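# Structural overview
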Amino acid sequence: MKPLTGIVITLNEQANIADCVRSLRRVCDEVIVVDSLSTDDTVAIAEAEGATVISQAYLGDGPQKAHGVPFARHDWILALDADERLDDDAVTLIESLALDDPRTAYSFRRKNYVARHWIRAAGFYPDPVVRLYNRTTSGYLPKKAHSSVQAPRVEATSAHLRHFTYEDMSHWIRRIDTLSSRDAWAMKERGKRPSQLSPILHATNAMLRKLVFKGGLFQGMDGMTVAMTTAFHAYMKYAKLNELYELERDA
């Protein structure tokens, strides 16, 4: 097993956290869970699986993912989301790495699933994400929404993560509701101003990008589904941003 620290952030992830910790333990000798004050059994399950749990009210995506890093015993960090798992080829790859260059981070191809259905259309694959990095040179950007790892050099691997994104179509819609609210909050926090045109423009742009530039128009129902949900997400986060300012003004 590598001298690696696995880190995952959680909020009410009792359905996912056990499998996530077990996945990290395939290659990591330490797992840290940074929990955003869950009200379900996430913390108890994580601790039962041998993870160290740090409780921290949600700071935003990047800051929350960075919060556990100073507590790690090792400089090499493997960061997963609670609904991600290492595929066998990722385990094999990580075990083979010398990890002798702290300036190099590693990206993995992500397989995004709705229930048991792997969606590859309209940019949902290969969906590369950096998950393995050295904290002395690299780390998550302090963005409160959709943060990513910044590193001097990224080596793109062909190894895979399985991302159990949505339980079913209804869960997909519920997640858009949750994430668009979080995105609107993050945009307001960084000073993004409201606009009546923004929801329309961003939704239209998202639809065109997925249907035309990502080829969704020629990828059947999966392509159309990705385009429609991406546009809906874009529309709702900007509509909710407008709503936040309206509520503030009327308070």
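Anyway, here's the lowdown on the structure attached to this text. (Residues numbered from 1 in each chain as written. Predicted model: local features only at pLDDT ≥ 70, side-chain atom pairs only at ≥ 80, totals over all residues. Heavy atoms only, no water.)

For the rest of this paragraph, the subject is the overall build of the protein. For the protein, the helix and strand inventory stands at 7 helices and 11 strands. Taken along its principal axes, the extent of the C-alpha atoms in the protein is 50 × 45 × 35 Å. Within the protein, the fraction of its 251 residues that count as buried is 49%. A fraction of 74% describes how many contacts in the protein between residues 6 or more apart in sequence connect residues 24 or more apart. Only carbon and sulfur atoms are counted for the fraction: they give 53% of the accessible area of the protein, which is about 12500 Å². Each charge sign in the protein was given a centre, from 32 positive and 32 negative side chains, and these centres are 6 Å apart. (Helix = DSSP H or I, 4+ residues; strand = E, 2+ residues; numbered from the N terminus. Buried < 20%, exposed > 50% of the residue type's maximum accessible area, 1.4 Å probe, protein only. Contact = heavy atoms within 4.5 Å. Areas by Shrake-Rupley, 256 points an atom, 1.4 Å probe, with all protein chains shown as cover. Lys, Arg positive; Asp, Glu negative; His and termini not counted. Charge placed at Lys NZ, Arg CZ, Asp CG, Glu CD.)

So, on to the environment of E189. Looking at where E189 falls in the secondary structure, it is placed in helix α5 (residues 169-189). Using a relative accessible area of 45% as the deciding quantity, one classes E189 as partly exposed. Separated by 45 residues in the primary sequence, E189 and K144 place their C-alpha atoms 8.3 Å from one another. For E189, the side chain forms a polar contact with the side chain of K144, separated by 3.1 Å. (Polar contact = N/O pair within 3.5 Å; in protein donor to acceptor, adjacent residues only side chain to side chain.)

On the secondary structure map, K111 appears in strand β6 (residues 104-114). Engagement of the side chain of K111 in a polar contact is seen with the side chain of D87, the distance being 3.0 Å. Those residues within four positions of K111 in sequence are excluded, and the remaining contacts are D87, W118, Y125, H160, L161, R162 and H163.

All right, on to helix α1 (residues 17-24) then. Counting buried residues along α1, 6 of its 8 residues qualify, which places the element largely inside the surrounding structure. Residues I17, A18, C20, V21, S23 and L24 constitute the buried set of α1. Considering only its buried residues, α1 is in contact with β1 (2-10), β2 (28-35), α2 (42-48), β4 (76-79) and β5 (84-86).

Right, let's get into the nonpolar core. Within the largest apolar cluster, 29 residues are counted, with the highest numbers of intra-cluster contacts made by L86 and L132. Looking at this core, the elements with two or more residues in it are β1, α1, β2, β4, α4 (88-96), β6, β8 (129-134) and β11 (153-166). Setting aside chain neighbours within four positions, we find L132 in contact with L4, W76, I77, L78, I94, L97, L99, A105, Y106 and F108. Within the second largest apolar cluster, 14 residues are counted, among which are V34, I54, V69 and V130. (Core = buried A, V, L, I, M, F, W, Y, C linked by side-chain atoms within 4.5 Å.)

Another aspect to go through is the pairing of β2. Extensive coverage of β2 is indicated by the burial of 7 of its 8 residues. Pairing geometry for β1 and β2, over 7 bridges, is parallel. Bridging across to β2, K2 finds its partner in C28. For the crossover from β1 across α1 to β2, the handedness is right-handed. In this region the chain leaves β2, passes through α2 and returns to the parallel neighbour strand β3 (residues 52-55); the handedness of that crossover is right-handed. (Pairing = 2+ DSSP bridges. Right-handed = clockwise from strand over helix to strand, strands pointing away.)

Enumeration according to the criterion identifies 18 salt bridges in this entry. The salt bridge partner of R22 is E49, with a shortest N-O separation of 2.7 Å. Highlighted residues: R22 in helix α1 and E49 in the loop between α2 and β3, separated in sequence by 27 residues. Residue R22 is classed as partly exposed on the basis of its relative accessible area, which comes to 46%. Since its relative accessible area comes to 21%, E49 is described here as partly exposed. Among the salt bridges present, the one from R153 reaches E155, with a minimum N-O distance of 3.9 Å. (Salt bridge = Lys/Arg side-chain N within 4 Å of Asp/Glu carboxyl O.)

This next bit is on the environment of G220. Considering the arrangement of structural elements, one finds G220 in helix α7 (residues 220-250). When the C-alpha atoms of G220 and A121 are compared, they prove to be 8.5 Å apart, with 99 residues separating the residues in sequence.

Before going further, it helps to examine the environment of R153. In this structure, R153 sits in strand β11. Here R153 falls in the partly exposed class, since its relative accessible area comes to 44%. When the C-alpha atoms of R153 and Y106 are compared, they prove to be 8.5 Å apart, with 47 residues separating the residues in sequence. A distance of 3.0 Å separates a polar atom in the side chain of R153 from a polar atom in the side chain of T104.

Purely geometric numbers; function is a separate question.
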